[in-house]
Amino acid sequence: MRDLGAGFGYLLKGQRWMARHRRSYGFGLLPGLITLVLYAAALIVLALWGEDAVGWATPFADDWPSPWLGLFRGLLTAVLFALVLLLAVVTFTAVTLLIGQPFYESLSEQVDRDVSADGTAPESGLPLWRDLWISGRDSLRILVRAALWGVLLFGLGFLPFVGQTAVPVIGFLVTGFFLTEELAAVALQRRGVGLRARLKLLRSRKLLVWGFGTPLGLAFLVPFVAVFLMPGAVAGATLLARDLLGEETEDTAVAESVESRKTL
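Residues numbered from 1 in each chain as written. Predicted model: local features only at pLDDT ≥ 70, side-chain atom pairs only at ≥ 80, totals over all residues. Heavy atoms only, no water.

Even after reading the chapter, I still don't get the overall build of the chain, so can you show me in this structure?
Within the chain one finds 10 helices and 0 strands. Secondary structure elements in the chain, listed N-terminal to C-terminal, are α-α-α-α-α-α-α-α-α-α. Along the first, second and third principal axes, the C-alpha set of the chain runs to 80 × 40 × 30 Å. Sequence separation of at least 24 residues holds for 79% of the intrachain contacts in the chain that already meet a minimum separation of 6. Accessible surface, the chain as shown: approximately 14200 Å² in total, 69% of it carbon and sulfur. Measuring between centres, the 23 positive side-chain charges of the chain sit 4 Å from its 22 negative side-chain charges. (Helix = DSSP H or I, 4+ residues; strand = E, 2+ residues; numbered from the N terminus. Contact = heavy atoms within 4.5 Å. Areas by Shrake-Rupley, 256 points an atom, 1.4 Å probe, with all protein chains shown as cover. Lys, Arg positive; Asp, Glu negative; His and termini not counted. Charge placed at Lys NZ, Arg CZ, Asp CG, Glu CD.)

What follows is the structure in structure tokens.
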């Protein structure tokens with residue numbers, strides 16, 4: 001359970017770090033604002049025509065008597081909207097990171113330099129177009145995984161009791177995991193850690209990942225919150241990535257020094 005609290009702690013530390021570096025914060029809002037407008041338009045379209053889409057997809061129910069037809073299609077429309085909202089939360093980070101790749105890369109490096117004992121930050125050494133290609137490719141792979149989970153949870157949502165209790169909890173845990181992967185990828189990709197290695201690394205510390213990503217995923221459900229938390233989330237994920245790799249920070253170096261003096 002200690003990792004669960006540590007993960008949440010990194011989320012808060014990232015926001016505090018961003019609050020101390022306000023000059024960079026304004027630029028960090030732009031990618032999120034652009035993505036928010038795109039996603040809001042898509043959700044509005046779904047809200048307006050989602051019921052028509054469900055009706056088109058379920059012609060077998062056209063002759064059902066009232067109120068069963070309305071209840072059935074209303075439930076499917078609600079589940080469809082919830083599924084799309086879940087995918088929006090998961091993919092919002094990926095799209096925002098892709099749009100704001102140059103800034104977030106620079107932000108992550110600033111965090112590394114600020115907290116590293118020697119004041120340096122790992123660099124990928126790759127040209128920008130190559131970093132963008134790798135980021136886009138890996139994000140697409142994560143999106144496919146998230147979509148598969150979404151379809152599975154969509155199906156399980158029809159199970160009595162389980163669909164209304166366990167499935168939402170699992171959904172938020174899945175969302176938290178993939179959110180953390182996307183955010184930590186900014187720092188881990190600079191260190192040459194590929195997608196498979198990243199997933200293996202995150203699975204080895206699931207409580208840490210859930211402690212960071214699940215509260216963030218819940219916060220992202222609140223309109224506009226994701227835009228304002230994104231810069232700090234990238235900063236916090238950089239700190240989390242350092243923990244996953246066992247890299248020393250100024251805080252841990254000071255703590256170890258104090259502990260060694262106590263021992264002496």
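What is the right way to read the side chain of Gln-189 from this model?
Along the chain, the position of Gln-189 falls in helix H6 (residues 162-190). Gln-189 has contacts with Ser-124, Asp-131, Ile-134, Ser-135, Asp-138 and Arg-198, leaving out every residue within four places of it along the chain.

What should I look at first to understand the nonpolar core in this one?
Here is a general trend for soluble globular proteins: nonpolar side chains tend to be buried in one another's company. Grouped together as the largest cluster of nonpolar side chains are 47 residues, with contacts concentrated most on Leu-107, Leu-183, Phe-212, Phe-220 and Met-230. Counting residues per element, this core draws most heavily on helix H9 (residues 225-244), at 11 residues. Excluding its chain neighbours within four sequence positions, the residues that come into contact with Met-230 are Phe-92, Thr-93, Thr-96, Leu-97, Tyr-104, Leu-183 and Phe-220. (Core = buried A, V, L, I, M, F, W, Y, C linked by side-chain atoms within 4.5 Å. Buried < 20%, exposed > 50% of the residue type's maximum accessible area, 1.4 Å probe, protein only.)

Mind showing me how you'd approach the side chain of Ser-108 here?
Here Ser-108 lies in helix H4 (residues 101-115). Setting aside chain neighbours within four positions, we find Ser-108 in contact with Val-186, Ala-187, Arg-190 and Thr-238.

Would you explain helix H1 (residues 2-19) in this entry?
In an α-helix, one turn spans 3.6 residues, which is why side chains three or four residues apart end up on the same side. With 18 residues, H1 ought to run about 26 Å at 1.5 Å a step, and its terminal C-alpha atoms sit 26 Å apart, in line with that. Along H1, the positions that sit buried rather than exposed are Gly-7, Gly-9, Tyr-10, Leu-11, Gly-14, Trp-17 and Met-18. (Expected span 1.5 Å × (residues − 1).)

What is the right way to read the environment of Leu-148 from this model?
Here Leu-148 lies in helix H5 (residues 128-156). By relative accessible area, which is 59% here, Leu-148 ends up exposed. Sequence spacing of Leu-148 and Arg-130 is 18 residues, and the spatial spacing of their C-alpha atoms is 27 Å.

I would appreciate a short explanation of a positive patch on the surface in the present structure.
Taken together, the side chains of Arg-145, Arg-196, Arg-203 and Lys-206 make up a positively charged region of the molecular surface. A relative accessible area of 76% means that Arg-196 is categorised as exposed. (Patch = residues over 30% accessible without salt bridge, like charges linked within 9 Å, V, L, I, M, F, W, Y side chains within 5 Å. Salt bridge = Lys/Arg side-chain N within 4 Å of Asp/Glu carboxyl O.)

I tried to follow H9 on my own but got confused; where do I start?
The end-to-end C-alpha separation of H9 is 27 Å, in line with the 28 Å expected for 20 residues at 1.5 Å each. Along its length, H9 shows its largest kink, about 40°, at Pro-231. (Bend = angle between axes of the 7 residues up to and from the residue.)

Even after reading the chapter, I still don't get the pattern of salt bridges, so can you show me in this structure?
Side chains carrying opposite charge are able to pair once their charged atoms draw close together. Evaluated as defined, the whole model comprises 14 salt bridges. With its nearest N and O atoms 3.5 Å apart, the salt bridge here joins Asp-243 to Arg-205. In this pair, Asp-243 sits in helix H9 while Arg-205 sits in the loop between helix H7 (195-203) and helix H8 (206-220), placing the two residues 38 residues apart along the sequence. Taking relative accessible area as the criterion, Asp-243 reaches 23% and is therefore assigned partly exposed. Residues joined by salt bridges that share partners form a network here, namely Glu-105, Asp-112, Arg-190, Arg-191, Arg-242 and Glu-247.

Would you take a moment to explain the packing of H1 against H9 for this structure?
To describe two helices that pack against each other, one gives the angle between their axes and the distance between the axes. One way to put it is that H1 packs onto H9 with a least axis distance of 7 Å and a crossing angle of 125°. Relative to H9, the element H1 lies oblique. Helix-helix and strand crossings are classified by hand; for H1 and H9 the assignment is right-handed. Residues Tyr-10, Lys-13, Gly-14, Gln-15, Trp-17 and Met-18 of H1 touch H9, and the partners they reach there are Phe-228, Leu-229, Pro-231, Gly-232, Ala-233, Ala-235, Gly-236, Leu-239, Leu-240 and Asp-243. Taken together, the residues of the contact of H1 with H9 break down into 10 nonpolar, 4 polar and 2 charged. (Axes fitted to C-alpha atoms, helices over the stretch in contact; angles between N-to-C directions. Parallel < 35°, antiparallel > 145°, perpendicular 65-115°, else oblique. Left-handed = near helix turned anticlockwise from the far one by under 90°. Nonpolar A, V, L, I, M, F, W, Y, C, P; charged D, E, K, R; others polar.)

Can you help me understand empty space enclosed by the protein in this one?
The method is simple in principle: a probe with the dimensions of a water molecule rolls over the atoms, and the space it marks as empty is what remains. Scanning all chains against the criterion turns up 2 cavities of 30 Å³ or more. The computed volume of the largest cavity comes to approximately 110 Å³. Around the largest cavity, the lining comprises 15 residues; the ones closest to its centre are Ser-135, Ser-139, Glu-182, Ala-185 and Gln-189. At the level of elements, helix H3 (68-99), H4, H5 and H6 are the ones that each hand at least two residues to the lining of the largest cavity. Of the residues forming the lining of the largest cavity, the biggest block, 5 residues, is contributed by H6. Residues belonging to the lining of the largest cavity are distributed by class as follows: 6 nonpolar, 4 polar and 5 charged. (1 Å grid on protein atoms, 1.4 Å probe; cavity = no way out; pocket = protein on both sides within 12 Å on 5 of 7 lines; lining within 4 Å. Points joined across faces, edges and corners; volume = space filled by probe spheres on them.)

So what exactly am I meant to see when it comes to the packing of aromatic side chains here?
Two aromatic rings, taken as a pair, are described by how far apart their centres are and by the angle between their planes. As enumerated under the stated definition, the model contains 2 aromatic pairs in all. Seen in terms of ring centroids, Phe-103 and Tyr-104 are 5.3 Å apart; in terms of plane orientation they differ by 70°. Their pairing is edge-to-face. For the residue pair Phe-103 and Tyr-104, the accessibility class agrees, reading buried in each case. Geometrically, the ring pair formed by Phe-177 and Phe-178 is edge-to-face, given 5.7 Å between the ring centres and 80° between the ring planes. A single burial state applies to Phe-177 and to Phe-178, both of which are buried. (Phe/Tyr/Trp six-rings, centres within 6.5 Å; stacked < 30°, edge-to-face > 60°.)

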